[in-house]
Each structure stands twice: as C-alpha cells, then as structure tokens.
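Coordinate analysis (summary)
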Amino acid sequence: MKRRKVDLQQAPVNAAKGVDERFQAATPLRALLNKVFPDHWSFLLGEIALFSFIILLLTGVFLTLFFDPSMKEVAYEGAYPALRGTEMSAAYESSLHISFEVRGGLFMRQMHHWAALLFMASIVIHMARIFFTGAYRKPREANWAIGMILFLLGFLAGFTGYSLPDDGLSGTGLRIASAIMLSIPVVGTWLSASIFGGEFPGHLIIGRFYIAHVLLIPGGLLALISVHLGLVFKQKHTQWPGPMRTNTNVVGERMFPRYALKQGGFFMAVFGTVALMAGLFQINPIWLFGPYRASEVSSASQPDWYVMFMDGLVRLMPNWQIYIGDYSIPPLFWPAVVGLGALTTGPIFWPWIEARKSGDKRIHNLLERPRDNPERVGIGAMAFTFFIIATLSGGNDVIADKFHISLNAMTWAGRIGMLVLPPLAYFISVRICLGLQQHDREVLAHGVETGIIKRLPNGQFVEVHQPLGPVDDHGHPIPLEYGGWVVPKKMNRVGALAPAVKGFFFPVEKPAEAPVSPGMPPVSGDTREEITSGRK
Ligand code: HEM
Ligand code: HEM
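So, here's what we can say about the structure. (Residues numbered from 1 in each chain as written. Chains lettered and ligands numbered in written order. Predicted model: local features only at pLDDT ≥ 70, side-chain atom pairs only at ≥ 80, totals over all residues. Heavy atoms only, no water.)

1. A short note on the coordination of the iron atom of ligand 2
In plain terms, the rule: Note on donors: an N, O or S atom is included if it sits within 2.8 Å of the metal, or within 3.2 Å for Na, K and Ca, and water is never included, so sites can look incomplete. Labels for metal geometry use angle windows, namely 85 to 135 degrees for all angles of a four-donor tetrahedral site, and for square planar (four donors) or octahedral (six donors) sites opposite donors over 155 degrees apart plus all others within 65 to 115; sites meeting none of these are irregular. Runs of H or I in DSSP of at least four residues are treated as helices and runs of E of at least two as strands, each being numbered from the N terminus.
Within the protein, His-126 (NE2) and His-228 (NE2) serve as the donor atoms for the iron atom of ligand 2, at 2.0 to 2.1 Å. Around the iron atom of ligand 2, the six donor atoms are arranged such that angles at the metal cover 86 to 179 degrees; this shape is classified as octahedral. Highlighted residues: His-126 in helix H5 (residues 105–132) and His-228 in helix H9 (residues 205–235), separated in sequence by 102 residues.

Right, dumping it as structure tokens:
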C-alpha cells in the first residue's frame with residue numbers, strides 16, 4: 001500500500017482553511033486573539049472572581065449529583081455515629097452522605113464553600129478597585145451597574161446555597177429570612193406564606209431554594225457575567241497613565257499567546273489554592289450543628305461573612321415599633337428591608353451621581369490615582385467603615401463571649417461606632433490623600449530624596465535630591481506641573497455654621513477643570529488604538 005506523505009507544516013493550515021470555509025470563523029477569531037489587554041496586578045481581581053465562579057460551577061454540578069433537595073423526614077442510618085437514629089430531612093441526610101460516604105464528597109463540599117467565600121471576597125475587592133480608581137466613569141457606567149447586580153446575585157447564591165443542607169445553622173438563616181419578609185407592612189404575611197408554602201418552615205422551601213440555587217441564580221450570573229466581560233471587551237480595558245499610554249490608546253499584550261496562557265496559569269493557581277484550602281481547612285461542619293428544628297437556635301450562629309453585615313444592622317437597630325392605624329411596623333423592617341434595599345440599589349447609580357456632581361461628562365480611559373480624588377476616597381472609606389462595623393456587630397455575641405464584654409456594651413459600641421466612625425474615616429482618608437498629594441508636589445518640585453547627605457562650604461548639611469525632569473541653567477529642577485486637587489489655605493472656616501460643616505466634610509476645592517491626566521483630548525466612540533507593549 002502506498003503511504004501518503006503528510007506535510008506537517010501545511011496540515012494545520014489546511015485544517016484551519018477547512019474550518020474557515022465552513023464556519024467563517026477566522027475574522028472574529030483573529031479579532032479576539034489579537035485583542036490587546038493592558039496589564040496591572042489589580043486587573044487580576046475581576047479574574048479571580050471569574051475563576052472562582054468557574055470552580056463553583058464545576059463543584060456545584062458534582063454536588064448536584066448526590067444532593068437530595070427534599071424535606072421528607074427520614075431516620076439517619078449513615079456513617080456518622082453521633083446522629084444515628086436521629087429524625088432529619090432527606091436534604092440534611094444527603095449532605096451528611098456527601099460528607100462521609102461519597103468519595104471526595106467532603107472535599108467537593110468544602111471546595112464549593114471556600115470558592116463561594118473567595119468569589120464574594122474577590123467581587124468586593126474588585127468593586128473597591130473599580131471605585132477607588134474611577135474605572136466606572138464614562139463610558140463604563142453600565143458595567144458598574146451590571147457589577148452591582150452581580151454582587152446581589154452572588155449574595156443570593158451564597159444565602160440559598162448554605163440554606164440547602166437544612167442543618168441547624170442554615171435553618172436559623174431561613175428563620176431570619178422569614179422574619180424579614182413578615183416585617184414588611186401589608187404584604188409581609190402573604191409574601192412569607194407564598195415563599196414557604198404556608199407556615200414557616202413548611203416542606204417546600206429547600207426544593208424551591210434548590211431550583212433558585214442551581215438553575216436560576218447561576219443562569220442569571222452566567223448571562224450577566226457574559227455581558228459584563230463583553231462590555232470590557234467592547235469598551236476596551238482602562239489603563240494606568242504612563243509612558244506611551246494615553247486616553248486614546250491601549251498599551252498591553254495581545255490575547256494570544258501570552259495573555260491567554262498567563263490567564264490559564266492564574267486559573268490553575270486559583271484552583272490549586274481553593275483545593276488546598278478545601279483539603280486542609282474545615283468549613284461548615286454541618287454534622288456538628290445537627291438537623292434544623294424550628295424551636296432550637298444555637299448561640300454563636302453566624303452566617304457567611306458577606307451576609308454578616310445584614311445580621312449586624314438588625315442587631316444594632318433600636319427597638320422602635322411604629323404604629324400606623326391598625327398596622328405596626330416592626331423595627332426589623334428598617335435595617336433589613338429599607339436599609340438593605342438602599343444599600344444595594346443606591347450604589348448602582350453612583351457613576352451618574354458623581355458625574356452630575358462634578359459636571360464631568362468626558363470619556364475616561366485612563367485610571368485615576370486614588371489620592372488625586374480625595375473626596376471619592378473619603379466616601380469609599382466611609383462605606384467600608386460602615387460595612388466593617390455592621391459585619392463585626394453581626395458577630396457581637398461571639399466577641400462579647402470571647403472577650404468577656406457585656407453584649408449590651410457591644411451593641412451600644414456598634415450603634416455609636418456606626419454614627420461616629422464613618423465620618424472620622426472620611427476625614428482621615430481625605431487628609432491622607434492631601435498629604436500624599438503634597439508629597440508628590442514636593443517630589444515634582446525638588447526631585448527624589450537620594451539619602452546622600454552633603455556638607456556645604458558654610459557647614460550646612462543638605463540631602464541631595466535627584467531631579468525628576470529637566471533642570472535649569474543652574475542645575476535646579478524645573479518644577480513639573482501637578483494634576484491633583486488644590487488644598488485651600490484655610491481648612492475650617494470659623495463663622496457661619498454651614499461653611500464650617502461643609503469645610504469639615506469637604507476640605508478640598510476642585511480646580512476649574514475636573515482632574516484628568518493632562519493633555520487628554522476628549523474622544524467619542526471607540527477610537528482607541530491598540531499597541532502591544534513589544535514583548536513577544
Ligand atoms: C455563584 C455561585 C454559587 C455560590 C456562591 C454557591 C454557594 C454555595 C454554598 C455556600 C453552599 C453551602 C455549602 C456547604 O454545605 O458547606 C452551596 C451548596 C450547594 N450548591 Fe452552590 N453555589 C453556587 C453555585 C452552584 C451551582 C452552579 C450549583 C449546581 C449546578 C450548585 C450546587 C449546590 C448544591 C447541590 C449544594 C448543596 C450541597 C451540600 O451543601 O451538601 N451551587 N452553594
Ligand atoms: C461575578 C462578579 C464579577 C466578575 C466575574 C467580574 C469580572 C471582571 C473582569 C474579568 C474584568 C476585567 C479585569 C479587571 O478589570 O479586573 C472586569 C472589569 C470590570 N468590572 Fe467586573 N466582575 C464582577 C463584578 C463586578 C462588580 C461587583 C463591579 C462593580 C460594582 C464590577 C465592575 C467592573 C467594571 C466597571 C469593569 C471595567 C474595568 C476597567 O476597564 O478598568 N465588576 N470585571
């Protein structure tokens with residue numbers, strides 16, 4: 001038989017041609033593979049969120065093969081001796097089965113839970129990076145709003161997920177959810193009864209949460225993440241100002257081969273880290289909590305960290321019962337419904353609020369250093385301080401117990417802290433930004449400190465400064481211009497109360513032009529030129 005000679009160089013070309021003739025994929029694929037992405041460590045945060053979501057999908061599908069979302073009562077006869085003979089729901093039994101009898105089951109459950117914690121943590125830090133660098137400004141406002149909805153869906157995914165095993169802890173969370181629904185005036189009772197299928201806990205809620213958790217919420221997340229990344233692709237990523245990098249170009253590496261391989265490596269690193277944590281560190285040991293009984297709540301019941309702020313807000317709310325006619329509004333309504341609603345929907349509109357306030361309608365493809373916008377940093381610091389106090393208050397019983405403090409004292413510390421600390425955080429962070437700006441101005445004017453001390457002929461000691469830019473005829477640096485904000489001479493005006501209060505909260509004056517990196521002409525449409533950084 002005559003053997004056909006295969007031209008190894010020509011074969012892949014022919015194969016590619018064959019595929020293109022059938023599917024016309026070369027043009028869109030070329031655009032994708034040639035796409036240029038700028039590089040910075042902080043751009044990895046969104047990718048960690050994406051990678052942990054992929055891990056959630058993979059481990060979630062594995063769990064679904066063994067989990068039984070049923071509230072049918074069964075007597076436990078499995079491998080964990082302490083619970084043998086105990087009446088429990090089939091859902092709890094199947095979670096115990098996954099943990100003790102399914103090969104690799106506990107590892108998968110722990111991996112799923114650690115990935116959920118990492119997912120939410122990376123989303124929050126990614127959101128902080130977007131906020132503090134002003135990456136949400138025009139034209140990326142919509143992507144910020146989509147991001148906020150992604151955060152909400154992640155919150156719901158986590159809550160429905162840790163409710164599924166129907167153990168003592170998850171039942172306590174469901175109890176709080178039912179109480180929150182019941183607190184809503186007029187429709188509360190109806191809402192709770194329709195979701196739980198009658199009186200709490202009923203027999204339907206785990207099955208309903210299951211559909212939401214494995215289908216509806218992941219489906220929503222998948223669809224919105226696709227739009228989110230599609231917009232990053234279409235609008236092109238922002239970049240830090242620097243040599244060659246302007247508002248009208250993108251400097252970075254092409255998607256293929258370096259960027260894609262690097263991302264593949266990062267995915268492996270994130271996967272490996274989550275697997276290591278799942279293998280080494282126990283999380284959510286449901287067998288210790290026992291099955292859920294509506295009449296039992298153990299002390300120190302804590303939700304996952306991203307839900308704790310809600311718990312904290314509820315614990316800090318004073319016992320103010322309001323009566324309107326025949327209706328009473330329980331105190332729970334204010335933090336859990338109004339508060340949570342405002343805290344999650346309000347920030348969606350932030351990019352438009354800021355643009356309106358500053359009157360800045362230009363397109364921003366260059367990121368802003370946080371110090372160059374002290375007011376934004378102050379507002380962010382205020383929000384984070386609020387979140388941290390609420391989160392700590394969510395565990396105030398544990399703190400009180402471990403440190404032998406009265407629980408009432410902890411509650412009052414939380415209430416006072418919530419009023420006093422956020423404005424303080426605003427003030428301190430604004431001052432730090434202004435100080436850093438001052439330092440930048442000094443470096444621009446006098447150069448960088450070299451650490452070399454010189455003695456002058458008159459005996460005086462001076463430190464030699466290395467000029468950053470050009471020097472004049474006498475070797476003195478020509479001061480470079482600084483694009484940041486201006487510190488007013490008088491910080492707090494004594495006199496009328498209003499300017500004093502305004503001076504306290506907004507101790508900065510904006511220059512006539514809103515700060516952007518100098519020399520950037522406003523552009524319209526997607527006209528950014530893509531430039532590779534030269535590395536092959
Ligand atoms: C953003 C997405 C997701 C988040 C944040 C999330 C979070 C969680 C959490 C915190 C738990 C409790 C784990 C534990 O018992 O310690 C859980 C359980 C579970 N998740 Fe997810 N999950 C997500 C996506 C998925 C997907 C896509 C699936 C299936 C396709 C899935 C299936 C399950 C199942 C079956 C359980 C119950 C297993 C058990 O705890 O025994 N999850 N999820
Ligand atoms: C499921 C959650 C999320 C995933 C998987 C995700 C993923 C990503 C990725 C991979 C990028 C490009 C790389 C980077 O800049 O980090 C990105 C950019 C972006 N994300 Fe997210 N993100 C999520 C949530 C959020 C949230 C909560 C916000 C804000 C509220 C947000 C706002 C943005 C914006 C405005 C950009 C464009 C940034 C730029 O061009 O500099 N994202 N996201």
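2. Remarks on the packing of aromatic side chains
The test is simple: Any Phe, Tyr or Trp ring, taking Trp's six-membered ring, that has another such ring centre within 6.5 Å forms a pair; planes under 30 degrees apart are called stacked, those over 60 apart edge-to-face, and the others tilted. Only protein chains enter the accessibility calculation, which uses a 1.4 Å probe. A residue is then buried if its area is under 20% of the maximum for its type, exposed if over 50%, and partly exposed in between. When the NZ atom of lysine or the CZ atom of arginine is within 6 Å of a ring's centre and also within 35 degrees of its normal, the charge is said to sit over that ring.
Per the counting criterion, the structure on display carries 23 aromatic pairs. When the centroid spacing of 5.3 Å and the interplanar angle of 90 degrees are considered together, the rings of Phe-131 and Phe-132 count as edge-to-face. Ring geometry for Phe-196 and Phe-200: centres 5.3 Å apart, planes at 70 degrees, overall edge-to-face. Assigned by exposure class, Phe-196 and Phe-200 land together as buried. Through a chain of ring-to-ring contacts, three or more aromatic side chains come together here, namely Phe-131, Phe-132, Tyr-136, Trp-144, Trp-350 and Phe-384. If you follow Lys-35 out to its NZ or CZ, it ends over the ring of Phe-233, 4.5 Å from the centre. Over the ring of Trp-412 we find Arg-415, and its NZ or CZ is 4.7 Å from the ring centre.

3. So, the side chain of Ser-94
Short version of the rule: What qualifies as a polar contact is a pair of N or O atoms within 3.5 Å, subject to a donor-acceptor requirement within protein and to the restriction that residues adjacent in sequence count only when both atoms come from side chains. A contact between two residues is defined here by any heavy atoms of the two lying within 4.5 Å.
Mapping Ser-94 onto the fold places it in helix H4 (residues 90–100). Taking relative accessible area as the criterion, Ser-94 reaches 7% and is therefore assigned buried. Polar contacts involving the side chain of Ser-94 include one to the main-chain amide nitrogen of Asp-68, which spans 2.9 Å. Excluding anything up to four places from it in sequence, Ser-94 contacts Phe-66, Phe-67 and Asp-68.

4. Concerning the nonpolar core
In a soluble, globular protein the nonpolar side chains are often hidden away together inside. Short version of the rule: In this description, a nonpolar core means a group of buried Ala, Val, Leu, Ile, Met, Phe, Trp, Tyr and Cys residues linked to one another through side-chain atoms lying within 4.5 Å.
Ile-206 and Leu-221 are the most contacted members of the largest nonpolar core, which has 63 residues in total. Sort the elements by how many residues they give to this core and H5 lands first, with nine residues. Those residues in contact with Ile-206, other than ones at most four positions away along the chain, are Phe-67, Pro-69, Met-71, Ala-91, Ser-163, Leu-164, Asp-166 and Leu-174. Core analysis: the second largest hydrophobic core is formed by twelve residues, Phe-43, Tyr-136, Met-148 and Trp-350 among them.

5. A short note on the site of ligand 2
We count it as follows: Consider each residue's heavy atoms; a residue with any of them within 4 Å of a molecule or strand counts as near.
Near ligand 2 lie 24 residues; those nearest to it are His-126, Arg-129, His-228, His-237 and Thr-238. Taking His-237, its side chain carries an N or O atom lying 2.6 Å from an oxygen atom of ligand 2. Taking Thr-238, its side chain carries an N or O atom lying 2.4 Å from an oxygen atom of ligand 2. For the shell around ligand 2, the elements supplying multiple residues, two or more each, are helix H3 (44–66), H5, helix H6 (141–163) and H9.

Function cannot be inferred from these measures alone, as they are strictly geometric.
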